[in-house]
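Understanding the architecture of this molecule
Here is how the chains run, residue by residue.
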Amino acid sequence: MQLIFNKRLISVAVLDQQADAIPLAQALLDGGLDVIEVTFRTAEAAHCISAIHEAFPAMLVGAGTVLTPEQARQAKAAGAQFAVAPGFNEAVVAAAQQCGLPFFPGVMTPSDVEGALRLGCVFAKFFPAEAAGGVPMLRALAGPYAHTGLKFIPTGGIGPANLAGYLALPIVAAVGGSWMCERKLLQDKDWCKISALTAEAVQLAGQGNPPGLEPQTGAVRHGWPRRE
Ligand code: 3PG
């Protein structure tokens, strides 16, 4: 998990073909990023996660778009080291916690945030970040929730032009997005372009003065997932 906090970036991929998994992971690594989220939007997702996990054990590979408890268990069995969902679904969070899979549920409202806190989540995907109010919305959410230690991973509409604004917020752990390996680039197998976009993102994310992730609660400091 520490890799997410080091680079503060998650590359979100939709892989139609298992054959693209290794070249994509290599392209991201060539660009300096060792974190990937493979979304469960295709039938190949679990196979791709396994392939990346086996080929690049030092890479942090996660599962995205995890919508059901069964997908959480599949992701864990495939070797995913974290999982993400676009929304907040208690059954999915519980399944992930039961199998020891760090899970970042999607949140967009204060009620979502409180649901995530209730289940002991210490990271949440803020989705869809730009459409849901972007940086001003996160600043507003920080008011009542920063002291809980919850950190956000904004995703949705983020790219080179706006990622630094998100990462400047102390309540933001990392940003995620598909722009480094969007579907057209994968279809074209344009690994060079993917590496270049990744290198640019890594450079942008490393600029400025990262707030760091000094946890504000013992729950965050002592691990994941926290259970009640
Ligand atoms: C997603 O789940 O689709 C991610 O949030 C990626 O969003 P993006 O394509 O806008 O980067």
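Structure first, text after, so check above.
So, a few notes on the structure that sits alongside this text.

Grouped together as the largest cluster of nonpolar side chains are 77 residues, with contacts concentrated most on Leu-24, Ile-49, Ala-75, Ala-83 and Ala-124. Residue contributions to this core peak at six residues, all from helix α3 (residues 45-55). Filtering out sequence-adjacent residues up to four positions away, Ile-49 remains in contact with Val-38, Val-61, Ala-63, Ala-75, Ala-78, Gly-79 and Ala-80.

With that out of the way, let us pick up the sheet that holds strand β7 (residues 123-126). Reading across the sheet, the three strands line up as β6-β7-β8 and stay open at both edges, with parallel pairing between neighbours. Whereas interior strands pair on both sides, the edge strands pair on one side only; in this sheet they are β6 (106-107) and β8 (151-154).

Turning to the pairing of strand β2 (residues 35-39), a few remarks are in order. Of all the five residues making up β2, four are buried; the element is thus mostly covered by neighbouring parts of the structure. Bridge count for strand β1 (residues 9-13) against β2 is three bridges, and the pairing is parallel. Directly across from Val-12, in β2, lies its bridge partner Glu-37. The β-α-β motif built from β1, the intervening helix α2 (residues 21-30) and the parallel element β2 has right-handed crossover chirality. Bridging between β2 and strand β3 (residues 60-64) involves five bridges; their strand directions are parallel. Looking across to β3, one finds that Glu-37 is bridged to Gly-62. With α3 bridging β2 and its parallel neighbour β3, the resulting β-α-β unit is right-handed.

Criteria and thresholds
Residues numbered from 1 in each chain as written. Predicted model: local features only at pLDDT ≥ 70, side-chain atom pairs only at ≥ 80, totals over all residues. Core = buried A, V, L, I, M, F, W, Y, C linked by C-beta atoms within 7 Å. Buried ≥ 20, exposed ≤ 12 C-beta atoms within 10 Å, placed from the backbone. Helix = DSSP H or I, 4+ residues; strand = E, 2+ residues; numbered from the N terminus. Contact = placed C-beta atoms within 7 Å. Pairing = 2+ DSSP bridges. Right-handed = clockwise from strand over helix to strand, strands pointing away.

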